[in-house]
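What the coordinates show
Residue-level listing of the chains:
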Amino acid sequence: MTESPASKPASNGEGCLHARNGLKPERNGFLKSLQQQSRHRDRNRDEEELHAAPHHGDLYNRPFLESFEETPMLVAVLTYMGYGILTVFGYLRDFLRHWKIERCHIAREKEEQKDFVPLYQDFENFYTRNLYMRIRDNWNRPVCSVPGAKMDLVDRVSHDYNWTFEYTGRTVKAVINLGSYNYLGFAENTGRCADAAAEVSMAYGVGVASTRQEIGNLDIHEEMEDLLARFLGVESAMAFGMGFATNSMNIPALTGKGCLILSDELNHASLVLGARLSGSTIRVFKHNNMQSLEKLLREAIVHGQPRTHRPWKKILIMVEGIYSMEGSIVRLPEVIALKRRYRAYLYLDEAHSIGALGPRGRGVVDHFGLDPRDVDVMMGTFTKSFGAAGGYIAGKRELIDYLRCHSHSAVYATSMSPPVVEQIITSMKCIMGEDGTTIG
Amino acid sequence: MASGQQWVLVEMVQAFYEAPAYHLILEGILILWIIRLLFSKTYKLHETYKLTEREKEDLIEEWQPDLLVPLISKDHPSLKYNIVSGPPSHKIIVNGKECINFASFNFLGLLDNERVKEKALMSLKKYGVGTCGPRGFYGTFDVHLELENRLAKFMKTEEAIIYSYGFATMASAIPAYSKRGDMIFVDEAACFSIQKGLQASRSFIKYFKHNDMEDLERLLKEQELEDQKNPRKARVTRKFIVVEGMYINTADICPLPELVKLKYRYKVRIFLEESMSFGVLGEHGKGVTEHFGVNIDDIDLISANMENAVASIGGFCCGRSFVIDHQRLSGQGYCFSASLPPMLAAAAIEALNIMEEDPGIFIVLREKCKHVYKALQGIPGLKLVGEPFAPALHLQLEKSSGSRSSDMQLLRSIVDYCLERKVALTLAQYLEKEERFLTPPSIRVVVTVKQKDDDIQKAVSCIREAASVLLK
């Protein structure tokens, strides 16, 4: 049918700049400014030429261009050397601190609890103490305005090499913002979204103080979920208060022991946590690599569960729309073809791609021109493109009915705050064009 | 020496020539056999069969997965939610009827407080709604830092850290400290958020009977004996006790002074979950540590959510900097999730202001709790579970019919009866298959400062009527 070995476009050493699909030598995501990376990737994608047309021309309605710059050898070597030198210095500093030659700034255990088992292993904190503290000032600058295109940052200085910060009271104004996930610019404090949210916060208040199943289900929650289902083109949807918690609380409700989860190598921590908490077997396939996925699928179905060889109850493939750390887009048509062939279920996490991809802003499904009914579980968050907070899951009516009864969040966690819900409703209407304007 | 080696080599070659033929042939065969064994493929015993491509295709064709989710019948009790139109304040409109609210955790009545709403509005006008980023990537706003400082000052600890979701607070805090191989002693009635944190941490979990200090001491003693047998392992096994200040499932308090004594005797750390007792217990609302007069530094970590008394959204952990600072890089719900919207943080700050300005509301709340507790005693067929000063009490059936679903049916009919008569109550909801120790079904009665005496009178008489009519 669809699979053949030569499916990777522009790979296998054609042109020194095109890396093979998959790993980059260093993925120290926390240290790199990831936003700049992914913007860089998107621009590269459009500019690069394709040497060989993709073999699956019939699945993609336009060429799938992706290229990742290979790290130059010199940079890689120097980086590792830098780490090495810092580690040596770290040990030296620790030695000096132990012998009290150098003053110790780090917080210490209580005197009465000195003979307890130490709370942290020495090495756990080595990185924080010796490496992170030196360069801590580069991140985490507090913001004091709307995180829009330009923002204000709070000025701070450190007199003891970043151990403590002092706020000078001044602010750095009009800094160009390349760091916030404000893709569609809905993070504004003026305009119709802010006005609607203001109205609702005066009418409904800010908190809810109850769970969805008890007495925290407001009418605006229902309205938002209907709108969301229409936006995505599915039967029904359900929203939760936190994107991270959406994954970590609902994956355990969907799979359990005796199920198999096939998860991409670079999946987000929330997906990994949800998969672990569910108790299913987890197998990892190489990033965006359809051969690896197919091999795993075939092996899983043919051999069944390990050691007992009983057939798996279900197989769930977990992928993301856009991978935040790499900036790559999932090969959705191929994944859907595989899923149909092998009768697996697909869980698509569109945290970054909803609102941002596709001609109508409906996400990666829209980008490839596919049918949203092919994806079994569509998950996403409202934090990025909608300028609010929270997450959602959408799909068939049976799925959402099941989640309304069995999701951990619906039973134990407080429902979403009313002004946040209103912001989602207004921004979604704007994107859909239902508010009568053409800004969306 | 070279000549010595040469000499040995010459000897070898000579021996080679002088050896009998059969010896050489035998050696040669042995060498060839060894080479063959080395290069032949090893096979595992249970995979001695190899499936042909045809068989694999057949298996793939035959395999039928289960449905993604089992079908839910249309009249599943949790499927239809009550719809609240309008603010969930003291007078709440449930399914079109205006009722008195005895169901939301609005203990201090701050959900519709004008000052809180004004502050939230001001913050909205300054910051917009969302923060568009996690704490590490320009999602830290000055309101967050201010809220953390205020919470630390309020609780008189060194540092506090904020999460954007109440459930995620304890569920991210526990795995940040306790890893595989560590030991955690937990009360049986711990809430679901703690249970998820325990599951994520992959440590050894030991449950002790609810509020039973002897049981806990027995477990600690057993562990001490184990440690003495294996001191090397004991030196790196961290031990924790996780308890709640006021338990949400049973509405009673943990015996904190005894726990602190056990902590120092057996060298275990205490993590305290104070969602229900923050803003309720203690002279200034600081929680169960103030209630008992325990030094707050004795507790390693206090975690609470801001969704009950502090009528906002989110949660926080507070304690010494030594403990809390670790979560800034290893709390999953903190690092990998967007930060709390600034308007909710501003609302929480204003709520803290109100709590600090007027400690009289805590006394009012306690009086009302005692009043409700006394009034709900003696309802035939229902028994009241909880302490007199607990703001969220449980009404359980005195005689269970044996089946949980019929008990829940009965209690649900009482709740519906009360809703008809404009008193909003709710059933306590649990995930039956996922909870470790399921509490019996119950109706949750919540006391808030906004309830007046005649409201309480009306509610109590309504419940009494319902019980006498429906519980025959």
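Only a predicted model underlies this, so the values are computations on that prediction, with no experimental measurement involved.

**Description of empty space enclosed by the protein**
Counted under the stated rule, the structure contains eleven cavities of 30 Å³ or more. Reported here for the largest cavity is a volume of approximately 380 Å³. Lining the largest cavity are 27 residues, and of these Tyr412(A), Phe105(B), Cys191(B), Ile248(B) and Asn305(B) lie nearest its centre. Contributing elements (two or more residues each) for the lining of the largest cavity: α12 (408-412) of chain A together with α6 (166-177) and α7 (192-201) of chain B.

**Some remarks on the pairing of strand β6 (residues 239-244) of chain B**
All names here are of chain B. With six of six residues buried, β6 lies mostly within the body of the structure. Residues of β6 alternate between two faces, with Lys 239, Ile 241 and Val 243 on one and Phe 240, Val 242 and Glu 244 on the opposite face, all of them buried. For strand β4 (residues 183-187) and β6, the ladder comprises four bridges, and the chain directions are parallel. Bridge pairing in β6 links Phe 185 to Ile 241.

**Remarks on the sheet that holds strand β8 (residues 377-381) of chain A**
Residues and elements named next belong to chain A. Sheet architecture is open: seven strands sit in the order β3-β9-β8-β7-β6-β4-β5, paired in mixed fashion. Looking at strand neighbours, the two that pair on one side only are β3 (236-240) and β5 (281-285), the edges of this open sheet. Between one strand axis and the next, the sheet turns by 20° as a mean value, whatever way the strands run. With five bridges connecting them, β8 and strand β9 (residues 391-395) associate as antiparallel partners. Looking at the pairing, Val 377 lines up with Gly 395 of β9. Here helix α5 (residues 219-232) sits on the sheet and contacts β3, β8 and β9; the angle it forms with β3, its principal contact strand, is near 125°. Strand contacts of helix α11 (residues 397-406): β3, β8 and β9, with the helix running at about 135° to β9, the strand carrying the most contacts.

**Examining the UniProt feature "domain: Aminotransferase class I/classII large" (unreviewed entry) in chain B**
UniProt records the feature "domain: Aminotransferase class I/classII large" (unreviewed entry) at residues 98-459 of chain B, using the numbering of this structure. Across residues 98-459 of chain B one finds 43% helix and 16% strand; the C-alpha atoms that close the span lie 14 Å apart.

**Considering the UniProt feature "transmembrane region" (unreviewed entry) in chain B**
Residues and elements named next belong to chain B. UniProt records the feature "transmembrane region" (unreviewed entry) at residues 20-39 and 160-178, using the numbering of this structure. Between the end C-alpha atoms of residues 20-39 there is a gap of 30 Å, over a span that is 95% helix and 0% strand. Structurally, residues 160-178 is divided into 63% helix and 21% strand, and its ends, taken at the C-alpha atoms, are 19 Å apart.

**Description of the interface of chain B and chain A**
Facing 115 residues of chain B, the contacting portion of chain A comprises 112 residues. The contact between chain B and chain A buries some 10300 Å² in all, and 63% of this surface belongs to carbon and sulfur atoms. It is Trp63(B), Leu68(B) and Tyr81(B) in chain B that bury the most area against chain A; as a group they hold 9% of the surface buried on that side. At the boundary of chain B and chain A, one finds five salt bridges. Residue Arg298(A) pairs with Glu53(B) through a salt bridge whose shortest N-O separation is 3.7 Å. Applying the counting criterion to the chain B and chain A interface returns 34 residue pairs in polar contact (both at pLDDT 80 or more). Here the element with the most residues in the side of chain B that touches chain A is helix α4 (residues 114-127) of chain B; it accounts for nine residues. The residue inventory of the side of chain B that touches chain A, partitioned by class, reads 61 nonpolar, 25 polar and 29 charged.

**Some points on the pairing of strand β9 (residues 315-319) of chain B**
All names here are of chain B. Most of β9 sits inside the fold, with five of its five residues counted as buried. Where burial is concerned, the two faces of β9 agree: the one with Gly 315, Cys 317 and Gly 319 and the one with Phe 316 and Cys 318 are both buried. Here five bridges tie strand β3 (residues 159-163) to β9, and the two strands are oriented antiparallel to one another. The residue bridging Glu 159 from the neighbouring strand is Gly 319, located in β9. As defined by bridge partners, strand β8 (residues 301-305) adjoins β9 across five bridges and the pair is classed as antiparallel. Bridge pairing in β9 links Ala 304 to Phe 316.

**Some words on the packing of aromatic side chains**
Considering all chains together, one arrives at 18 aromatic pairs over all chains under this definition. Between the aromatic rings of Tyr163(B) and Tyr334(B), the centroid separation amounts to 6.2 Å while the plane-to-plane angle is 70°, which identifies the pairing as edge-to-face. Of this pair, Tyr163(B) sits in strand β3 while Tyr334(B) is found in helix α14 (residues 332-335), placing the two residues 171 residues apart along the sequence. Assigned by exposure class, Tyr163(B) and Tyr334(B) land together as buried. Centroid distance Tyr177(B) to Phe271(B): 5.6 Å. Interplanar angle 65°. Geometry classified as edge-to-face. Here Tyr177(B), found in helix α6, pairs with Phe271(B), found in strand β7 (residues 269-273); they are 94 residues apart in sequence, far enough to count as distant. Judged by its relative accessible area of 1%, Tyr177(B) falls in the buried class. Among the residues examined, Phe271(B) registers a relative accessible area of 1% and is labelled buried. Connected via pairs of aromatic rings, a cluster forms that spans Tyr120(A), Tyr177(B), Phe240(B), Phe271(B) and Phe322(B). Across the ring face of Phe154(B), the terminal group of Lys286(B) is positioned such that the distance to the ring centre comes to 5.0 Å.

**Quick word on the packing of α4(B) against helix α15 (residues 342-357) of chain B**
Residue and element names in this part refer to chain B. Contact pair α4 / α15: the axes reach a minimum separation of 8 Å and the direction vectors enclose 150°. It follows that α4 is roughly antiparallel to α15 by the angle criterion. Crossing angle aside, the handedness with which α4 passes α15 is right-handed. From α4, Arg 115, Val 116, Lys 119, Ala 120, Ser 123, Leu 124 and Tyr 127 reach across to α15, where they touch Pro 342, Met 343, Ala 346, Ala 347, Glu 350, Ala 351, Asn 353, Ile 354 and Glu 357. Looking at the contact of α4 with α15 residue by residue, the class counts come to ten nonpolar, two polar and four charged.

**Notes on a nonpolar patch on the surface**
On the surface, Ile31(B), Leu32(B), Ile34(B), Ile35(B), Leu38(B) and Phe39(B) cluster together to form a nonpolar patch covering roughly 690 Å² of accessible area. Residue Leu32(B) is classed as exposed on the basis of its relative accessible area, which comes to 59%.

**Examining α7(B)**
Residues and elements named next belong to chain B. Burial of α7 is extensive: nine of the ten residues sit out of reach of the surface. Listing the buried residues of α7 in full gives Phe 192, Ser 193, Ile 194, Gln 195, Lys 196, Gly 197, Leu 198, Ala 200 and Ser 201. Residue Arg 202 follows α7 closely and has a positive phi angle near 60°.

**A look at the UniProt feature "domain: Aminotransferase class I/classII large" (unreviewed entry) in chain A**
Residues annotated by UniProt as "domain: Aminotransferase class I/classII large" (unreviewed entry) correspond here to residues 175-424 of chain A. For residues 175-424 of chain A, the helix share is 40%, the strand share is 15%, and the end-to-end C-alpha distance is 27 Å.

**Section: the sheet that holds strand β11 (residues 392-397) of chain B**
Residue and element names in this part refer to chain B. The four strands are arranged β10-β11-β14-β13 in an open sheet whose pairing can be described as antiparallel. Across the chains shown, the open sheet's two edge strands, defined by having one partner strand only, are β10 (382-385) and β13 (426-427). Bridge count for β11 against strand β14 (residues 442-446) is five bridges, and the pairing is antiparallel. If you follow Ala 392 over to β14, its bridge partner there is Val 446.

**Some remarks on the packing of helix α4 (residues 192-204) of chain A against α4(B)**
At a closest axis distance of 9 Å, the pairing of α4(A) and α4(B) adopts a crossing angle of 170°. The orientation of α4(A) with respect to α4(B), classified from their angle, is roughly antiparallel. Contacts from Ala194(A), Ala197(A), Ala198(A), Ser201(A), Met202(A) and Ala203(A) in α4(A) reach Glu114(B), Lys117(B), Glu118(B), Leu121(B), Leu124(B) and Lys125(B) in α4(B). Looking at the contact of α4(A) with α4(B) residue by residue, the classes come out as seven nonpolar, one polar and four charged.

Cut-offs applied
Residues numbered from 1 in each chain as written. Chains lettered and ligands numbered in written order. Predicted model: local features only at pLDDT ≥ 70, side-chain atom pairs only at ≥ 80, totals over all residues. Heavy atoms only, no water. 1 Å grid on protein atoms, 1.4 Å probe; cavity = no way out; pocket = protein on both sides within 12 Å on 5 of 7 lines; lining within 4 Å. Points joined across faces, edges and corners; volume = space filled by probe spheres on them. Helix = DSSP H or I, 4+ residues; strand = E, 2+ residues; numbered from the N terminus. Buried < 20%, exposed > 50% of the residue type's maximum accessible area, 1.4 Å probe, protein only. Pairing = 2+ DSSP bridges. Axes fitted to C-alpha atoms, helices over the stretch in contact; angles between N-to-C directions. Contact = heavy atoms within 4.5 Å. UniProt positions renumbered as here; feature names shortened; annotations may be inferred. Buried area = accessible area lost by both parts, 1.4 Å probe. Salt bridge = Lys/Arg side-chain N within 4 Å of Asp/Glu carboxyl O. Polar contact = N/O pair within 3.5 Å; in protein donor to acceptor, adjacent residues only side chain to side chain. Nonpolar A, V, L, I, M, F, W, Y, C, P; charged D, E, K, R; others polar. Phe/Tyr/Trp six-rings, centres within 6.5 Å; stacked < 30°, edge-to-face > 60°. Lys NZ or Arg CZ within 6 Å of the ring centre and 35° of its normal. Parallel < 35°, antiparallel > 145°, perpendicular 65-115°, else oblique. Left-handed = near helix turned anticlockwise from the far one by under 90°. Patch = residues over 30% accessible without salt bridge, like charges linked within 9 Å, V, L, I, M, F, W, Y side chains within 5 Å. Areas by Shrake-Rupley, 256 points an atom, 1.4 Å probe, with all protein chains shown as cover.

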